[in-house]
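Observations on chain architecture
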Amino acid sequence: RLGQLRQTKNASAAELHRLRQSKLQRLVQLAAQHCPFYTARFLRSGFDPCDPRLDVEDLHRLPILTRDEISEQLEAMTWHGCPRGGPQPYSTGGSGGKALKFYFDRSRAAADQAARWRARGWWDVRPGDPEILLWGAPIELKANDRLRQWRDGLLNQRILNAFEMTEQTMGSYVQTIREQRPMCLYGYASSLALLARYALDNGIPAGGLGSARLRAVFVTGEVLLDTDRTVIEQAFGVPAAIEYGCRDGGLLAHACPAGTLHVPEENVIVELLDEGDRPVGPGGIGYVTVTHLEAFAMPIIRYR
């Protein structure tokens, strides 16, 4: 999947449009065939998933999908016979209030991970390069067993618990980072900023958390405040790069070295809509609504 994304990185707008059109047609046809929820939704909306003229612009004919609908209609939304390594049960971390249970398949997981690694390639970071994660998702942290350790070792990753940011643990985190000299770090923006402030306040010089091989600090999970960006970049000596996504919607955008966020358009259709579900104009602020073109076990179509 990463190889495919590397081939389309320089595709023209017209080529990307044709690719997205064909993927959307495949998605809605499979959803209509295998998911009773979408079969009924398309029928009520007068939406013909088999129309060969169906295009990305036709999505507006469908209503918005909400979290409540997923909770109430989860089984009817799911293709239980999906051959693409699914459905696999998963849930959100609960940062939006109540954790949301949903299903995914290997196709969606591969598409999101490939988009992540293509974007990291812009920073000269490759799969298998040493990485430290300052993370706190219970799903990852509860799996603290030999299998998890074997996986992390295979991927050359080390997880530090962002839920335990005491003076003592932050001191050990600083030591670990300086000893292991990762090529990138990944974690919550505020947790990385807290660790950066701790290091600077305790005598670590500017850039002292970095090394000659550190390329970037990838931040996610929350808004990166300007003050936090400044202290992270000061402590680590490299840029802080935003990754924007969510467990239920997928990876939606990633920053390049120029500071611009790029949507992996081969994987997702991202709409920004106002309160009336109309597209906002250039520079406008709207609700993020996503259609994941590679999610088949539980299709995600116009999900806010």
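Please refer to the structure placed before this passage.
Presented here is a report on the structure given in the accompanying data block. Just so it is clear, the model here is predicted, and its values are computed rather than measured.

1. Here's the deal with the environment of M165
If you trace the backbone, M165 turns up in the loop between β4 (157-161) and α8 (167-180). Judged by relative accessible area, which is 18%, M165 ranks as buried. Between the C-alpha atoms of M165 and P36, which are 129 residues apart in sequence, the distance is 46 Å. Excluding its chain neighbours within four sequence positions, the residues that come into contact with M165 are L134, M170, Y173, S191, L194 and L195.

2. A look at unusual backbone geometry
Omega for the bond connecting G86 with P87 falls within 30 degrees of zero, at 0°, which places this linkage in the cis form. Note that P87 resides in the loop between α4 (67-77) and β1 (88-91). Positive phi values are uncommon outside glycine, yet R181 reaches one of about 50°. Locating R181 in the fold gives a position in the loop between α8 and β5 (184-188). Note on R181: relative accessible area 36%, which makes it partly exposed.

3. Let's talk about the packing of helix α9 (residues 189-201) against helix α10 (residues 226-236)
For the pair α9 and α10, the least separation of the axes is 8 Å and the interaxial angle reads 50°. By the angle between their directions, the pair α9 and α10 is classed as oblique. Classified by chirality, the crossing of α10 by α9 is left-handed. Only T227, D228, V231, I232, Q234, A235 and F236 of α10 make contact with α9, whose side of the interface consists of A189, S190, L192, A193, A196, R197 and L200. Residues belonging to the contact of α9 with α10 are distributed by class as follows: 9 nonpolar, 3 polar and 2 charged.

4. Re the layout of surface pockets
As a volume, the second largest pocket reaches approximately 260 Å³. Lining the second largest pocket are 16 residues, and of these H60, E271, L273, P279 and R302 sit closest to its centre. Looking at the lining of the second largest pocket, the element that brings in the most residues is strand β10 (residues 268-273), giving 5 residues. Each residue belonging to the lining of the second largest pocket can be placed in one class, and the counts come to 10 nonpolar, 1 polar and 5 charged.

5. Some details on the nonpolar core
With 47 residues, the main nonpolar core has L134, I177, L195, V217, V219, I232 and F236 as its most contacted residues. Here this core gets 7 residues from one element, more than from any other, and that element is α9. Leaving out residues up to four positions away in the same chain, F236 has contacts with I177, L185, L192, A196, G207, L209, G210, L214 and V217. Grouped together as the second largest cluster of nonpolar side chains are 36 residues, A31, I70, V290 and M298 included.

6. A word on the packing of aromatic side chains
All told, the structure shown has 8 aromatic pairs when counted by the stated rule. Considering the side-chain rings of Y90 and F102, the 5.7 Å spacing of their centres and the 80° angle between planes classify their relative orientation as edge-to-face. Taken together, the positions of Y90 in strand β1 and F102 in strand β2 (residues 101-104) put the pair 12 residues apart, joining distant regions of the chain. The exposure class of Y90 is partly exposed, given its relative accessible area of 25%. Seen from their ring centres, W135 and Y186 are 5.4 Å apart, and the 40° between their planes marks the pair as tilted. Here Y186 lies in strand β5 and W135 lies in strand β3 (residues 131-135), a separation of 51 residues in the sequence. Here the aromatic residues F37, Y38, F42 and F47 are joined through ring pairs into a cluster of three or more. Its end group placed over the ring of W117, R120 keeps NZ or CZ at 4.8 Å from the ring centre.

Parameters and conventions
- Residues numbered from 1 in each chain as written.
- Predicted model: local features only at pLDDT ≥ 70, side-chain atom pairs only at ≥ 80, totals over all residues.
- Heavy atoms only, no water.
- Helix = DSSP H or I, 4+ residues; strand = E, 2+ residues; numbered from the N terminus.
- Buried < 20%, exposed > 50% of the residue type's maximum accessible area, 1.4 Å probe, protein only.
- Contact = heavy atoms within 4.5 Å.
- Axes fitted to C-alpha atoms, helices over the stretch in contact; angles between N-to-C directions.
- Parallel < 35°, antiparallel > 145°, perpendicular 65-115°, else oblique.
- Left-handed = near helix turned anticlockwise from the far one by under 90°.
- Nonpolar A, V, L, I, M, F, W, Y, C, P; charged D, E, K, R; others polar.
- 1 Å grid on protein atoms, 1.4 Å probe; cavity = no way out; pocket = protein on both sides within 12 Å on 5 of 7 lines; lining within 4 Å.
- Points joined across faces, edges and corners; volume = space filled by probe spheres on them.
- Core = buried A, V, L, I, M, F, W, Y, C linked by side-chain atoms within 4.5 Å.
- Phe/Tyr/Trp six-rings, centres within 6.5 Å; stacked < 30°, edge-to-face > 60°.
- Lys NZ or Arg CZ within 6 Å of the ring centre and 35° of its normal.

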